[in-house]
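# Observations on chain architecture
The primary structure of each chain is shown beneath.
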Amino acid sequence: MGVVRIQEGRLRRIAEGHPWVYRTEIAAVEGAPADGALVEVRGPRGNLLGTGVYNSASMISVRLLVHGGGAVDDALVEARVRRAVAYRAYFDDPGCDSRRLIFGEADLLPGVIADRFADVVVLQVLSLGMERWTDLIVRTLVDAAEPRTVLLRNDEPIRLKEGLPLYRRTAYGPEPGETTILENGLRFGVDPTGGQKTGFYLDQRENHAFLRRFAAGRRVLDCFCYAGGFALNAAAAGAREVLGIDVSEDAVARARANAALNGLADRTAFEAANAFDRLRELGRAKERYDVVVLDPPAFTKSHSGKDAAVRGYKEINLSGMRLLPAGGILATHSCSYHMAEDLFVETVLSAARDLGRSVRIVALRPQAPDHPVLAGYPESKYLKSLWLEMLD
Ligand code: SAH
């Protein structure tokens, strides 16, 4: 087995459980390992730090599968897939038939994502390291989760960074078509072959449900609504009137269809528009909402974009707060790992200060628990859901 030696001073992160070795942390590569081969990772004095898969084509040169000693083989991968599926049973809910089954590094399966949408599993294998175990992962998912179909959606451009081709194929069962899922007792249409992410934002399940507490009898604005996850939970909980806004025509069409599917079309409206512009217009028109939800896409995918991201969050949160009277609720989100939680909270609170408004922090909530957080791998904790009540 080849050996990758880590530079002095670059050991701590790995010792704390992080599963990546960056190219820039390597002192030497010994034994000329092929890309995709297993390598031992050792410290400067030869101590074994772990075993992982080597990829010279990626900035992440090694993805560790075990820390310290221990064999990496088919049995290990199969056991991890089974444990990942079994873990989700803790969060079973009769109103939900869909969830993330495998969340990559947080399930000790680097780069592997599996989402269950009713009886369809959408699988993505995004790292060269796991590519060779694709068939085993499919077989194990079929056995442990018993889907009708497994769709392998290896068409994420991030695979190109690993030197992997882009493709999509049905790996088990019949070709999946349009699927209807159940979330918090509501029905949503999902197209497993199209759509954003792997088809639905499962990570917001609990936050969608939390909105119900604040919705009865109220006027609700859902910005960046995608398929209407927040909007329809609000309507189902008795909101008087709900407006959803998303820049994507497809998302808005999907949200309207979902409203109809649940008999909520009479209380909901959806508009295809840029939320930044619409928020400002609604403010100028002196519109008022009792509840405003903001759930934008990641404004930054790297550390360097942080300042622009802060400005983006500041702007939409200022605009959102202007629509809220005293007693109004703001549910504001960031799904970018690079926007640290304390910086996000501080940015939102600074918007309230700029407006001279007092706020109460109602809750600071995480992503749904089927997207678990691995200690030592902070990248797995990415979603922030901050709920404020405007006090004046
Ligand atoms: N709230 C949704 C998930 C939102 S994902 C849920 O709970 O399921 C982010 C959404 O923002 C995407 O649907 C994307 O189309 C939309 N979006 C991106 N830029 C936008 C903009 N400038 N204005 C409005 N929507 C935008």
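Presented here is an overview of the structure given in this document.

Rules used throughout
Residues numbered from 1 in each chain as written. Predicted model: local features only at pLDDT ≥ 70, side-chain atom pairs only at ≥ 80, totals over all residues. Heavy atoms only, no water. Helix = DSSP H or I, 4+ residues; strand = E, 2+ residues; numbered from the N terminus. Rg over C-alpha atoms; globule rule 2.2 N^0.38 Å. Buried < 20%, exposed > 50% of the residue type's maximum accessible area, 1.4 Å probe, protein only. Contact = heavy atoms within 4.5 Å. Areas by Shrake-Rupley, 256 points an atom, 1.4 Å probe, with all protein chains shown as cover. Near = heavy atom within 4 Å. Polar contact = N/O pair within 3.5 Å; in protein donor to acceptor, adjacent residues only side chain to side chain. Nonpolar A, V, L, I, M, F, W, Y, C, P; charged D, E, K, R; others polar. Pairing = 2+ DSSP bridges. Axes fitted to C-alpha atoms, helices over the stretch in contact; angles between N-to-C directions. Expected span 1.5 Å × (residues − 1). Arc of directions from axis to C-beta.

For the rest of this paragraph, the subject is the overall build of the protein chain. Helix and strand content of the protein chain: 11 helices and 20 strands. Relative to the 2.2 N^0.38 estimate, which gives 21 Å for 392 residues, the radius of gyration of the protein chain is 22 Å and therefore close to what a compact globule would have. Taking the principal axes of the C-alpha coordinates as reference, the protein chain spans close to 70 × 50 × 35 Å. Taking all 392 residues of the protein chain together, 54% fall into the buried category. Looking at the protein chain alone, contacts between residues at least 24 apart form 64% of all its contacts between residues at least 6 apart. On the protein chain, roughly 16100 Å² of surface is accessible, and the fraction owed to carbon and sulfur atoms is 52%.

Taken together, 17 residues sit near the ligand, with His208, Phe224, Asp246, Ala275 and Asp295 positioned nearest. Separating a nitrogen atom of the ligand from a backbone N or O atom of Val247 is a distance of 3.0 Å. Protein coverage of the free-state accessible area of the ligand, which is 580 Å², stands at 89%. In the shell around the ligand, the residues fall into 10 nonpolar, five polar and two charged.

Before going further, it helps to spend a moment on the side chain of Thr347. One can find Thr347 in helix H11 (residues 341–354). Owing to a relative accessible area of 5%, Thr347 belongs among the buried residues under this scheme. If sequence neighbours within four positions are ignored, Thr347 has contacts with Val310, Tyr313, Lys314 and Met339.

Once that is clear, we can look at the sheet that holds strand E16 (residues 268–272). Spatial ordering of the open sheet is given by E16-E15-E14-E17-E18-E20-E19, a layout of seven strands whose pairing is mixed. The two strands at the open ends of the sheet, each matched to only one other strand, are E16 and strand E19 (359–365). If you compare each strand with its neighbour and ignore which way they point, the axes differ by 15° on average. Here strand E18 (residues 329–334) pairs with strand E20 (residues 384–390) via six bridges, running antiparallel. If you follow Thr332 over to E20, its bridge partner there is Leu386. Set on the sheet, helix H8 (residues 249–261) makes contact with strand E15 (241–246) and E16; between it and E16 the angle comes to about 170°.

This paragraph deals with H8. For H8, built from 13 residues, the straight-helix expectation of 18 Å at 1.5 Å per residue is met to within 8% by its first-to-last C-alpha distance of 18 Å. Every buried residue of H8 is listed here: Ala251, Val252, Ala255, Asn258 and Ala259. Projected down its long axis, H8 shows its buried positions confined to an angular sector of 120°, all on one face. In H8, those exposed residues whose orientation departs by more than 90 degrees from the buried face are Glu249 and Asp250. Buried residues in H8 make contact with strand E13 (186–190), helix H7 (229–236), E15 and E16. At the C-terminal side of H8, Gly263 shows a positive phi close to 65°.

Structurally, the position occupied by Met1 is in the segment before strand E1 (2–6). Once the C-alpha coordinates of Met1 and Leu261 are considered, the two residues, 260 residues apart in sequence, prove to be 56 Å apart. In this structure, Met1 is in contact with Leu38, Val39, Glu40 and Thr51, ignoring residues within four places of it in sequence.

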